[in-house]
Amino acid sequence: MSAIHTDAEKETKHGDFGYSDWELYRFMYEYAKPYKKEMVLAILYMLFYALFTSLSPLLILRAIDTFQAQDIQEVFGIPMLDDVANSIVFQTMKLFPNVPIVWFQVGLLSLVYLVLQLLIFYSSYQQRLIIGRVGLQSTNQLREDLFTHLQELDMSYHDKNEVGRIMSRVTTDVSAVWEFIGGAVIQNVVNMITIIAVLFVIFQLNVQLAIISVLLTLPVFILGRIAKYFSRPRRKEARRRNSILMASLAESIAGIKVTKGLNREDVNIEIFEAINNNRRIAQLKAVDVNATMFPSMLYFSSIAVAVLFWVGGLQVISGAITLGTLVAYINYNTILFRPVVILGNFYEQLQDALTGAERVKALLETDTKVPWNLSYPELPAVRGEVSFKDLTFEYEKGRPVYKNFNLHVKPGEKVALVGHTGAGKTTIINILSRLYPFQKGELLLDDHNILFYSLPSVREQVVAVPQDFFLFSTNIRANLQLGNPRATEEEMWKALELVGMKDYVSKMEKGLDTPLQERGGRLSIGQRQLIVFAAILLANPKIVILDEATSNIDVFTEMKIQESMRYILKNRTSFIVAHRLSTIRDADRILVIDNGKVVEEGTHEELIAKQGKYYSLVQNQVKLAEMDTLHN
Amino acid sequence: MRFFRFIAPYIKKEKWKFLAINSLIIISAYAQTNIPLSIRDSVSRYIENPQPNLVYLGFLIIFFYGTLDWLSGMALRFVNNRYSQNIQYEIRQDIFEKLQSLDLEYYSKESIGQIMARSIQEVYSLQEILGWGYRILLLTAALFIGAFISLWLSSPTLALMFATIVPIILFVLFKSSKNNAEKFYQSQYQFGRVSEVLAENFAGIKTVKSFGREFEEINRFRKVNHDFLNAAMKVVRIRATLQPGMLFLISLSLVVLLFVGGVFTSTGVIDTGSFVAFMLLSLQIMTPGRFLGDLAIQLQMANTAARRLEEVLNEKNHIIEKPDAQEFDGRDLTLEFENVYFKYPLNKDYVLKGINLKIDYGERVALIGPTGSGKSTLINLIPRFFDPSEGRVKLGGKDIKDYKVKSIRRHVGIVHQDSFLFTLSIKDNIAFGNKDASMDEIIEAAKMAQIHEFIQTLPEGYDTVVGERGVTLSGGQRQRLAIARILLANPEIIVFDDSVSAVDPETEARLQEIISTRLGTKTLIIISQRPSSLKFVNRVIVMDDGEIVQDGVHSELVRQPGLYREFLMAIEAQIDDMVSWDSTEEEKKDRQYLASVLRDLKGGKNDAEEIRK
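Calculation notes
- Residues numbered from 1 in each chain as written.
- Chains lettered and ligands numbered in written order.
- Predicted model: local features only at pLDDT ≥ 70, side-chain atom pairs only at ≥ 80, totals over all residues.
- Helix = DSSP H or I, 4+ residues; strand = E, 2+ residues; numbered from the N terminus.
- Buried ≥ 20, exposed ≤ 12 C-beta atoms within 10 Å, placed from the backbone.
- Contact = placed C-beta atoms within 7 Å.
- Pairing = 2+ DSSP bridges.
- Axes fitted to C-alpha atoms, helices over the stretch in contact; angles between N-to-C directions.
- Domains from an automatic or database assignment.
- Nonpolar A, V, L, I, M, F, W, Y, C, P; charged D, E, K, R; others polar.
- Left-handed = near helix turned anticlockwise from the far one by under 90°.
- Core = buried A, V, L, I, M, F, W, Y, C linked by C-beta atoms within 7 Å.
- pLDDT = per-residue confidence, 0-100.
- Parallel < 35°, antiparallel > 145°, perpendicular 65-115°, else oblique.
- Expected span 1.5 Å × (residues − 1).

Caption draft 1: The overall build of chain A, seen in detail. Per the secondary structure count, chain A includes 22 helices and ten strands. Looking at chain A residue by residue over its 632 residues, the buried ones come to 49%. Of all intrachain contacts in chain A linking residues separated by at least 6 positions in sequence, the fraction that spans at least 24 positions is 80%.

This is the structure:
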């Protein structure tokens, strides 16, 4: 089972995308840039936070030393502050004459500590709020940019990438980047500032003890490097296993009908069990690295406490420092080690964010070969003349489907394209509808080279209906708006009437607003086709391109469709990949395509007379349609 | 809490690991509590008797507890990882099995996007709390209790004051999770909407581009993306408040200690060593305690996830097997529809209106009628993909509801319109319904379905992987593989639901020829719009607007006025249109030739009727 998925994640096969980590940081920074003001504010709050956090152990130090020495005259140990403090204490003492003085002094100390904690809370709250919002807004922008880019990317990209894969770019990978902008980096800025503030204070207090703490943080960074080495490949594998699981789940949902019809549920469950288990194993391998490394990093914090106690204890005995200082040190040690351990783990945390950023950036930098060119002029209204001039087209490099292809179609002409599967009929449609780029030559509408005009303005006048056209689940209205987003209610009903769908739609429980289920599942294939025709009517293009669906439609619906088709093609140039006799019969000109060339060309009568390829194609078609006649 | 109720049975399965986790957390907390306490002891002893030896001893004791903490910490994480991954594995498995068991009605109302979001994202939300949330919670609690006990031993008053913080924290945790549940749900739900729009857009990207509607789609996406932003912003505020808020609450206990402890120390109620120890103890609590805020958030996400998961797990199946359902033995395969009415859950109109039909075993029936007349719906009732709204479907004279569902499906095979293939090898796709099939049987089925030759041209032959991620096949090739799949399963009643539409004419002719001769006595139902299919049947049923309007043999129906005759006339008209040209001698010859082709075909048909008689 797993062998099938070796190709599932092409990006792991190709290794990385060749971006340096620095480029990825810059890329992510670009999205945070519009929020510079907020970022500055957040950093200010962080500074406050770090400051308050590094001050609070000093208060505890004071408390211990003061109470141990029973010297309650110097509450803070700084003369100016003590003056203020003492005056406050004496003022309040007057109000409660029976309470001992120590209560007030201790109370004052606690009050200051409390205020400090409040400030810590407030600055932390503000900082998180700002960063959280900036993170959300910037990744929202990123998601939107990605989506927009995906809309512009031509079909050669979409053909190669399954829906599930593209979706994981826009959801999972962007969320990973959010973790980065909104989480990891910011947390680490705070950590960095805290470390600096703490280092400043402890070096002020006692250099010897400070050096002990600093030295013992070094192994933490070394462990961090080791962790990175082990965890990177394991995390990638875990991600890969995970995407296999997602793909398997998606497929089993899509194929549920087949599964049920063939009583295959048990086997599917067994297969899923294996995939699920593989995922579990890969995941465990990845998280076990952390399980070893993280406690080991913290272990150095405990060792530091022990060493501090040893060295500091001796200093207390010799009278070099007070007991309060030692306690404060041990406290500072904890405050110092927490961010250090997290920073040591920084790279590991960043793995997912970087992988996400990498994929997102790579996608954003995938160039579309059929750009919108929004800055180009709008295509003026055309009469509907179409010419291919020496046009070369290939899906894969070096394997042209059409080479120096020439074709001229008069305004209003109806052209039917016929030929065997794989002959290249749909390719002509793909070139014309600009779903794929052509490599050489010119495509002219009237006398306008299509490449020199903005793509949306071209599509205003050239509308294509792919064979596997897709109806959206939203409702009928949204699908009609595919044709013209500004169509009025009245126009929609009119269009439905013209294609013979008005009665049916008006009978549906919510009329135009009736939801259609996935892929328009509530309508029959014939009805779906008619809805698309209505959308074309609303779009009112000069040139219509139609790739007929191969699904069988009953002869009555077909007649209905035929009628509507004649109507929608009236006064328009049209290209139709035809599968139905009636469609072919209606064409002004029939092109028989074989192997990237027009092998026969002419009206139905002319081509029949020729007794060539077209003739035998028709024979086959007739054979299909034939059965016992009425005269049996 | 919904989450605890949801997770309890899974924890039960992992109860040894759960016990180990709890024990290891307690060992860890014990070690962590003892570090400040040993500092206290050393400090107290030092004040009595300042000697360097005590400092060395203190160092060793701290080092010992530090090592204990490290070892238990590693063991704890190892066990915890396994515990958490196992539970996730079990939940995923349960969800998957549930999804496999749910009937098609569920799938007709939930989009793939939503089902995926529920079964993938929501299990992830549980990962955090299972992975470390619980560990942090218990560790904080254990440290708290450790601190409380040591405080109690020195000064019960101080201990009680210290403990007042517990109800405050619990209250805030409880209150916030209650008030914010809806906001979290909204945020997760809106994200699901984003995925839905994405899924649909990418699936229909070709249509969007063909109509040049990219910008409208961008606007649509912008809207759901914005809705998600708004919902998520509310959650950001909760997060920003809860995380530092919890830390603040814990530091309140430090303020209490500072105030009361300070007074006690200066008045000599407790010694300085104890005061130092309490300070360090509460600082120790802060380390895991700072995560209590995250924990509150995790709990809410977990609650939401549990709710969304339960919605799937508790989803009711509409196809219910009776407790006394019997195995269908397939001895009597007479198929009957008795006054069957049917409507889809969302529609108001009936798709089937009073169908009465009996098909004997071995009959070959063509089901024709305009699109939307209810043909596919009718056959979907046979394997109980749906149950009729009214009336009964009977096999062998007995309501199919009296049989086990699987035993019925074993006897019925439908080749669907959309020939869905799985990302499996061709071999496994053909053997999808019969995994024990031998290679010979698989090849035999492929030969019958006229796809064997094509498979052999593939570089990896039967091992070629097809499906979304595999080799791209044409519509006709996919259809033939789907046919081979059913032929291998070898059911007694076979339905072709417009399943040869993309197969080219010559191949179709061969396919039908072979199938009709090889199927022996099996019941065959063909839904098709191609008259060529009618050559192999001996009964024609015409449906229109949910009703059976005609039923009989071709030769009778063709003489009656009605839909069938109109159907044939319409086709005849089309053929005439194609072949009626007689301007030149040449063209006349053509026409004669085509007419002779038609005659041959008619002959074939007559033979089929002969055989039947």
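Having seen the model, we can carry on.
Caption draft 2: Seen up close, the overall build of chain B. Within chain B, the secondary structure is distributed over 21 helices and ten strands. In terms of overall dimensions, chain B has a C-alpha envelope of 130 × 50 × 50 Å along the principal axes. A burial count over chain B gives 50% of its 613 residues as buried. Pairs at least 24 residues apart make up 79% of the contacts formed inside chain B by residues separated by at least 6 positions.

Caption draft 3: Spatial organisation of the sheet that holds strand S1 (residues 386-394) of chain A. Spatially, S2-S1-S4-S5 (chain A) is the arrangement adopted by the four strands of the open sheet, whose pairing is antiparallel. The sheet is open, and its two edges are formed by strand S2 (400-409) and strand S5 (448-449) of chain A, each paired on a single side.

Caption draft 4: Main features of the sheet that holds strand S10 (residues 547-552) of chain B. Residues and elements named next belong to chain B. Taken in spatial order, the six strands make up an open sheet running S6-S7-S8-S3-S9-S10, and their pairing is mixed. Both outer strands of the open sheet, strand S6 (412-415) and S10, are each paired with one neighbouring strand and no more. Averaged over neighbouring strand pairs, the angle between their axes works out to 15° when direction is ignored. When strand S3 (residues 364-368) meets strand S8 (residues 523-527), the two strands line up parallel, connected through four bridges. In the sheet register, Leu367 faces S8, and the bridge partner there is Ile527. On top of the sheet, helix H17 (residues 475-489) reaches S6 and strand S7 (493-497); it is set at about 175° to S6, its chief contact.

Caption draft 5: The arrangement of the pairing of strand S9 (residues 539-544) of chain B in detail. In this structure, S3 of chain B lies alongside S9 of chain B, joined through four bridges in parallel fashion. Paired with Ala366 of chain B across the strands is Val540 of chain B, a residue of S9 of chain B.

Caption draft 6: The domain arrangement of chain B, seen in detail. Residue and element names in this part refer to chain B. The domain boundaries assigned to chain B delineate domain 1 (2-313) and domain 2 (335-553). A separation of 53 Å is found between the C-alpha centroids of domain 1 and domain 2. The partner domain 2 presents four residues to the four residues of domain 1 that form the contact. Residues that form the side of domain 1 that touches domain 2 fall into these classes: one nonpolar, one polar and two charged.

Caption draft 7: Geometry of the domain arrangement of chain A. Here the domain parsing of chain A yields domain 1 (20-364) and domain 2 (386-625). Each of domain 1 of chain A and domain 2 of chain A was reduced to a C-alpha centroid, and the two centroids are 57 Å apart.

Caption draft 8: Region of interest: unusual backbone geometry. Residues and elements named next belong to chain A. The phi dihedral of Asn373 falls on the positive side, at around 50°, and the residue is not glycine. Examined against the element boundaries, Asn373 turns out to sit in the loop between helix H12 (346-364) and S1. The backbone of Asp390 sits at a positive phi, close to 45°, despite the residue not being glycine. One can find Asp390 in strand S1.

Caption draft 9: View of the packing of helix H1 (residues 2-13) of chain B against helix H11 (residues 292-313) of chain B. Residue and element names in this part refer to chain B. Between H1 and H11, the shortest axis-to-axis distance is 8 Å and the interhelical angle comes to 65°. Note on packing geometry: the crossing formed by H1 with H11 is left-handed. Of the residues in H11, those touching H1 at Arg2, Phe3 and Phe6 are Leu299, Ala302, Asn303, Ala306, Arg307, Leu309 and Glu310. Per-class residue counts for the contact of H1 with H11 are six nonpolar, one polar and three charged.

Caption draft 10: The nonpolar core, seen in detail. Formed by 270 residues in total, the largest nonpolar core has its most connected members in Val327, Leu417, Ala534, Ile536 and Ile545 of chain A together with Val276 of chain B. When residues of this core are assigned to their parent elements, the largest contribution, 21 residues, is made by helix H9 (residues 214-266) of chain B. If near-sequence neighbours (up to four positions away) are discounted, Val276 of chain B is found in contact with Ile64, Leu323 and Val327 of chain A together with Ile39, Arg40 and Val43 of chain B.

Caption draft 11: Looking closely at the interface of chain B and chain A. With 152 residues of chain B in contact, the opposing surface of chain A contributes 147 residues. When residues of the side of chain B that touches chain A are assigned to their parent elements, the largest contribution, 27 residues, is made by H9 of chain B.

Caption draft 12: Molecular detail of the confidence of the model for chain A. Scored by pLDDT, chain A comes out at a mean of 81, with 89% of its residues at no less than 70. With pLDDT under 50 throughout, residues 627-632 of chain A is counted as low confidence; its partners more than four residues away or in other chains account for 18 contacts.

Caption draft 13: Broad picture of the pairing of strand S4 (residues 390-395) of chain B. Residues and elements named next belong to chain B. Sheet topology note: the strand S1 (residues 335-342)/S4 ladder contains five bridges and is antiparallel. Residue Leu335 lies in a different strand from S4, and its bridge partner there is Leu395. In terms of strand pairing, S4 meets strand S5 (residues 398-399) through two bridges, oriented antiparallel. Each residue of the ladder has a partner; that of Lys394, found in S5, is Asp399.

Caption draft 14: Structural view of the environment of Ile165 of chain B. Residues and elements named next belong to chain B. Examined against the element boundaries, Ile165 turns out to sit in helix H7 (residues 165-203). For Ile165 and Val256, which are 91 residues apart along the polypeptide, the C-alpha to C-alpha distance reads 9.5 Å. Discounting chain neighbours no more than four positions away, the residues touching Ile165 are Leu249, Ile250, Leu252 and Ser253.

Caption draft 15: Region of interest: the confidence of the model for chain B. All names here are of chain B. On average, residues of chain B score 82 in pLDDT, and 92% of them are at 70 or above. For residues 596-613, every residue scores under 50 in pLDDT, and the model assigns this stretch 14 contacts once sequence neighbours within four places are set aside. Model confidence for the complex: the whole-complex pTM is 0.78, and ipTM, which rates the interface, is 0.80.

Caption draft 16: Molecular detail of the packing of helix H10 (residues 265-318) of chain A against helix H11 (residues 323-344) of chain A. All names here are of chain A. Where H10 meets H11, the closest approach of the two axes is 10 Å, and the angle between their N-to-C directions is 160°. Considered as vectors, H10 and H11 are oriented roughly antiparallel to each other. Remark: the crossing between H10 and H11 carries right-handed chirality. Contact residues: H10 offers Met297, Leu298, Ser301, Ala304, Val305, Leu308, Gly312 and Val316, while H11 offers Leu323, Leu326, Tyr329, Ile330, Asn333, Thr334, Phe337, Val341 and Gly344.

Caption draft 17: Broad picture of H10 of chain A. In this model H10 of chain A runs 78 Å from its N-terminal to its C-terminal C-alpha over 54 residues, within 8% of the 80 Å that 1.5 Å per residue would give. Phi turns positive, to about 85°, at Gly319 of chain A, one or two residues after H10 of chain A.

Caption draft 18: Expanded view of the environment of Gly362 of chain B. Mapped onto the elements, Gly362 of chain B comes out in the loop between strand S2 (352-359) and S3. For the pair Gly362 of chain B and Leu333 of chain B, spaced 29 residues apart in the sequence, the C-alpha separation amounts to 8.7 Å.

Caption draft 19: The arrangement of the environment of Leu326 of chain A in detail. All names here are of chain A. Relative to the elements of secondary structure, Leu326 occurs in helix H11. When the C-alpha atoms of Leu326 and Gly313 are compared, they prove to be 7.5 Å apart, with 13 residues separating the residues in sequence. Beyond its immediate chain neighbours, meaning those up to four positions away, Leu326 contacts Gly312, Val316 and Ile321.

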